[in-house]
Amino acid sequence: MDDVIAFLRARVDEDEKTALTVPVGEPLCHPPAHWLPGADPGGEKRWVMGTFKDIDAHTVEAAEHIARHDPARVLREVEAKRQLLDRHMPGEYGQCVTCHVGAYSCGCCSWGDFPCDTVRLLALAYADHKEFRREWRP
């Protein structure tokens, strides 16, 4: 099941690449872009500000959602996912090296089997990807 690790690393790399290629709104700003929900000069609060060209999100809720998932946040999530993947690798006997040690107390996995629940849950975010496999579901 090492394939799930390769699958996840490829998706995380794609997330990073996409986040780093987003144009930054201000000439003096540097990637990653930071987005905020905001209002246009007429006071409508359905806009996403900080993008290369402000985005009309059509609703306040959509603007807030888009802004919450700005490239800067995506890059923080990329780093967190990479650290989780580095810690949850298959060991010598096909068990998660992290969960196997704590399997007696954490109860999150069946004796540390790999892929562990942590890896399966990370993969679940990409369940709509064509290369996702059903057996990776938690």
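Treat the numbers as computed from the prediction; the structure is a model and nothing was measured. (Residues numbered from 1 in each chain as written. Predicted model: local features only at pLDDT ≥ 70, side-chain atom pairs only at ≥ 80, totals over all residues. Heavy atoms only, no water.)

Q: Describe in detail the side chain of D70, supporting the description with residues and values.
A: As for its placement among the helices and strands, D70 is situated in the loop between α2 (60-68) and α3 (71-87). Salt bridges are absent for the buried D70, whose nearest opposite-charge side chain, R76, sits at 4.8 Å. D70 has contacts with A33, H34 and W35, leaving out every residue within four places of it along the chain. (Helix = DSSP H or I, 4+ residues; strand = E, 2+ residues; numbered from the N terminus. Buried < 20%, exposed > 50% of the residue type's maximum accessible area, 1.4 Å probe, protein only. Lys, Arg positive; Asp, Glu negative; His and termini not counted. Salt bridge = Lys/Arg side-chain N within 4 Å of Asp/Glu carboxyl O. Contact = heavy atoms within 4.5 Å.)

Q: Go over the packing of aromatic side chains, please, and point to the residues and values.
A: Applying the stated criterion across every chain yields a total of 4 aromatic pairs. Taking the centre distance of 5.0 Å and the plane angle of 45° together, the rings of F7 and W136 count as tilted. Pair noted here: F7 is in helix α1 (residues 2-20) and W136 is in the segment after α5 (117-124), with a separation of 129 residues, a long-range link. By the burial criterion, F7 is buried, and W136 matches it. Through pairs of rings, three or more aromatic residues link up here, namely F7, Y126, F132 and W136. (Phe/Tyr/Trp six-rings, centres within 6.5 Å; stacked < 30°, edge-to-face > 60°.)

Q: Please provide a residue-by-residue account of the sheet that holds strand β2 (residues 47-49), values included.
A: Spatially, the 3 strands line up as an open sheet ordered β1-β2-β3, and their pairing is antiparallel. Each having just a single partner strand, β1 (36-38) and β3 (55-56) make up the two edges of the open sheet. By the bridge criterion, 3 bridges tie β1 to β2 in an arrangement that is antiparallel. Looking at the pairing, P37 lines up with V48 of β2. Its contacts with the sheet place α2 against β1 and β2, and it is angled at close to 160° to β1. (Pairing = 2+ DSSP bridges. Axes fitted to C-alpha atoms, helices over the stretch in contact; angles between N-to-C directions.)

Q: Lay out the nonpolar core in plain terms, naming residues and giving numbers.
A: One finds V4, I5, F7, L8, F114 and V119 to be the most contacted residues of the largest nonpolar core, which totals 17 residues. Elements supplying a minimum of two residues to this core: α1, α3 and α5. Per element, the largest residue contribution to this core is 5 residues, and it comes from α1. Residue contacts for V119: discarding those within four places in its chain leaves V4, I5, L8, H88 and F114. Counting 7 residues, the second largest nonpolar core, distinct from the first, contains V22, A33, W35 and A67. (Core = buried A, V, L, I, M, F, W, Y, C linked by side-chain atoms within 4.5 Å.)

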